[in-house]
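# Residue-level structural notes
Spelled out from the first residue to the last, the chains are:
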Amino acid sequence: MDFSLTPEHELIRESAYRFGQQEIVPGLAERDRAHQSDRASLDKMAASGLLGVSIPAKYGGMDTDYISLGIVCEELERADTSARVVMSVHSGLHSLTILQWGTAEQKARWLPGLAEGAAIGAFALTEPNAGSDAINIRTRARRDGDSYVLNGEKTWISLSDYADQFLVVAVTDPEAKSKAAGMSAFIVDRSLKGFHSKAIKGKLGVRAGNTGSVLFEDVRVPAENRLGEEGDGFKIAMSALDHGRYTVASGAVGIVAACLDACNRYARERKVSGEEIGRKQLVQQMIANMVAGRDIGRLLYYQVGWMKNAGLRHTREVSLAKWQNCNFAFQAAHDAVEIHGAYGYCDEFPVERYFRNSRGAMIYEGTREIHTLMQAEYELGYRADKPLARMLPRWPFGQEA
Ligand SMILES: Cc1cc2nc3c(=O)[nH]c(=O)nc-3n(C[C@H](O)[C@H](O)[C@H](O)COP(=O)(O)OP(=O)(O)OC[C@H]3O[C@@H](n4cnc5c(N)ncnc54)[C@H](O)[C@@H]3O)c2cc1C
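Just so it is clear, the structure is predicted and the values come from calculations on it, not from any experiment. Along each chain, numbering runs from 1 in the same order as the chain's sequence is written. Whole-chain, interface and lining totals are the exception, using all residues; otherwise, since this is a predicted model, local features are given only for residues with pLDDT of at least 70 and side-chain atom pairs are given and counted only at 80 or more.

What follows covers the overall build of the chain. Segments assigned H or I by DSSP are reported as helices when at least four residues long, segments assigned E as strands when at least two residues long, and all are numbered from the N terminus. Regarding its fold elements, the chain presents 11 helices and 10 strands. Our radius of gyration looks at C-alpha atoms and nothing else; its globule reference is 2.2 Å times the residue count to the power 0.38. Here the C-alpha atoms of the chain give a radius of gyration of 21 Å, agreeing with the 21 Å that 2.2 N^0.38 yields for 401 residues. Three exposure classes are used, all based on how many other C-beta atoms lie within 10 Å of a residue's own C-beta (placed from the backbone): buried at 20 or more, exposed at 12 or fewer, and partly exposed between those limits. Counting every position in the chain, which comprises 401 residues, the buried fraction comes to 49%. For the chain, contacts bridging at least 24 residues in sequence account for 75% of all contacts bridging at least 6. Here, residue contact means that the backbone-derived C-beta atoms of the two residues sit within 7 Å.

Next comes the structure, spelled out in structure tokens:
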């Protein structure tokens, strides 16, 4: 086993960290307070090249390995969750899923624009009446000649108002022998007639990010925009979640690191009865727990990154990493508020934002309960993963990518 990061990894960590601190953090407290998302942050991310991480050079990507994607997510979420969410939906859920399931023509058509950031991608699975039970989605895609006609509503979609294209999962065959076998996946362009989006207001966290509903009213999608075969939709959605969960797991470590940044500073400055609070053992306990969360969390996501590089199926491992790392982040943010006392309870310090933001990640990409059940089911032998028809290309990228 080799746990060392390469000089390329260190370089990418340094540049993602610098980008986050220089381009995302300035003005963030105000944007977060005003619930204000903007396209400018996306444009900056595109200009920095970060949207092409872990995409092969032949599609205009950075050609870096999958561990690099995790490192970028960690450093971006150290700045703000909204920036990591862009990586999750654009790079994880959307671009990597096209890299895995797209035909050669589809990859050549979509990936260069996505890697460059000329087009922003998103992922639309959840519906008003189907979240954890995504198997019960109702959005319908009816074949009509050389197109599919989409009708339905998706909700809680990150980047709903900014994305140019959406990976949408819909029912193509309501009579199929199983619900999963009746679903297909499509890349839907927001410029198509009958596509609408609407932001969700009043969120607890990720306030500098955009989340909303998307509505399809007789949206005519060309058949060549179908990803995989008819009936592959549910499998494609689950593959997408393998990639998305990886970005959430690695990002969660960034929240722990940010809590440590803030608490290291504060615990050495703030004095109680003439002594730095960092000297108090119960404060040290909380700091020590954060250190454990950061370092265990890194091992969990590095393992998944390594499995991605090796072309191995990793649904169990990424579920474990996502579940545990989100718990670490939430606990760290809770303790960071504690360490800051009353100052942790207002937005003069960033820790209250970490606390609100870390809560959302325990809901999206599989709730805490869903991951708990998954882990128990794997252990008890009630769940096992079969090889997929198409796997994410291993790294270094070869001809098959
Ligand atoms: C900020 C944010 C961004 C999001 N972005 C996206 C996105 O980009 N694309 C997208 O498609 N979706 C997105 N989502 C939606 C998210 O994936 C769903 O909210 C999530 O899957 C949970 O579904 P639900 O909200 O309908 O909760 P429900 O499924 O209704 O769950 C409610 C409660 O019941 C529990 N529960 C459900 N089933 C079980 C069970 N079998 N056993 C035990 N307990 C159970 C859950 O754990 C939860 O506590 C986002 C959500 C948020 C909050």
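Taken together, 20 residues are adjacent to the ligand, and T126, G131, S132, T367 and E369 come closest. Each residue is assigned to one class: nonpolar for Ala, Val, Leu, Ile, Met, Phe, Trp, Tyr, Cys and Pro, charged for Asp, Glu, Lys and Arg, and polar for all the others, Gly among them. Partitioning the shell around the ligand into residue classes produces 11 nonpolar, 7 polar and 2 charged. Segmentation into domains, and thus their bounds, comes from an automatic or database assignment. Each of domain 2 (123-233) and domain 3 (235-380) contributes no fewer than three residues to the shell around the ligand. Here is the check we use: build the C-beta atom from the backbone, and if it is within 6 Å of the molecule or strand, call the residue near.

So, about helix α4 (residues 66-79). A helix is expected to span 1.5 Å for every residue after the first. Here α4 contains 14 residues, and its C-alpha end-to-end distance of 21 Å stays within 8% of the 20 Å for a straight helix at 1.5 Å per residue. Most of α4 sits out of view: 14 of its 14 residues are buried.

This brings us to the nonpolar core. Note on terminology: a nonpolar core is a set of buried residues of type Ala, Val, Leu, Ile, Met, Phe, Trp, Tyr or Cys, with members joined through C-beta atoms within 7 Å. Ranked by internal contacts, the top residues of the largest apolar core, which has 74 residues, are V72, A124, L150, L167, V168 and F186. Ranked by residues supplied to this core, first place goes to helix α5 (residues 81-101) with 10 residues. Residue contacts for A124: discarding those within four places in its chain leaves K154, I157, F166, L167, V168 and V214. In this structure, V318, L320, A332 and A333 belong to the second largest nonpolar core, which totals 39 residues.

With that out of the way, let us pick up the packing of helix α8 (residues 281-309) against helix α9 (residues 315-339). Only C-alpha atoms enter the line fits that serve as axes; for helices the fit covers just the stretch in contact. Angles between N-to-C directions range over 0 to 180 degrees. As a packed pair, α8 and α9 sit with axes 9 Å apart at the nearest point and diverge in direction by 160°. Here α8 is positioned roughly antiparallel relative to α9, judged by the angle of their axes. In the packing of α8 onto α9, the handedness of the crossing is left-handed. For the pair α8 and α9, the contacting residues are V283, M286, N289, M290, G293, G297, L300, Y301, Q303, V304 and M307 in the first and E317, V318, L320, A321, Q324, N325, F328, Q331, A332, D335, E338 and I339 in the second. Residues belonging to the contact of α8 with α9 are distributed by class as follows: 13 nonpolar, 7 polar and 3 charged. Should an angle lie under 35 degrees it is considered roughly parallel, over 145 roughly antiparallel, and from 65 to 115 roughly perpendicular; all remaining angles are considered oblique. Should the near helix be turned anticlockwise from the far one by less than a right angle, the crossing is left-handed, and should it be turned clockwise, the crossing is right-handed.

Glancing now at the packing of helix α7 (residues 233-269) against helix α10 (residues 351-360). With their axes 10 Å apart at the nearest point, α7 and α10 run at an angle of 160° to one another. Here α10 runs roughly antiparallel to α7, going by the angle between their axes. In this structure, the crossing between α7 and α10 has a hand that is left-handed. In contact with I255, A258, C259 and A262 of α7, α10 contributes V351, Y354, N357 and S358.

Mapped onto the secondary structure, V85 falls in helix α5. Judged by local crowding, V85 falls into the buried class, with 30 C-beta atoms found within 10 Å. Considering only alpha carbons, one finds V85 and M238, 153 residues apart in sequence, at a separation of 18 Å. If we skip the residues at most four places from it in the chain, V85 touches S158, V206 and G209.

Each domain of the chain was delimited in the assignment, giving domain 1 (7-119), domain 2 (123-233) and domain 3 (235-380). Centre-to-centre, using C-alpha coordinates, domain 1 lies 20 Å away from domain 3. Domain 1 puts 25 residues into the contact, and the matching count from domain 3 is 24 residues. Counting residues per element, the ones that place at least two in the side of domain 1 that touches domain 3 are α2 (28-33), α4 and α5. By residue number, the principal contributor to the side of domain 1 that touches domain 3 is α5, which donates 11 residues. Each residue belonging to the side of domain 1 that touches domain 3 can be placed in one class, and the counts come to 10 nonpolar, 7 polar and 8 charged.

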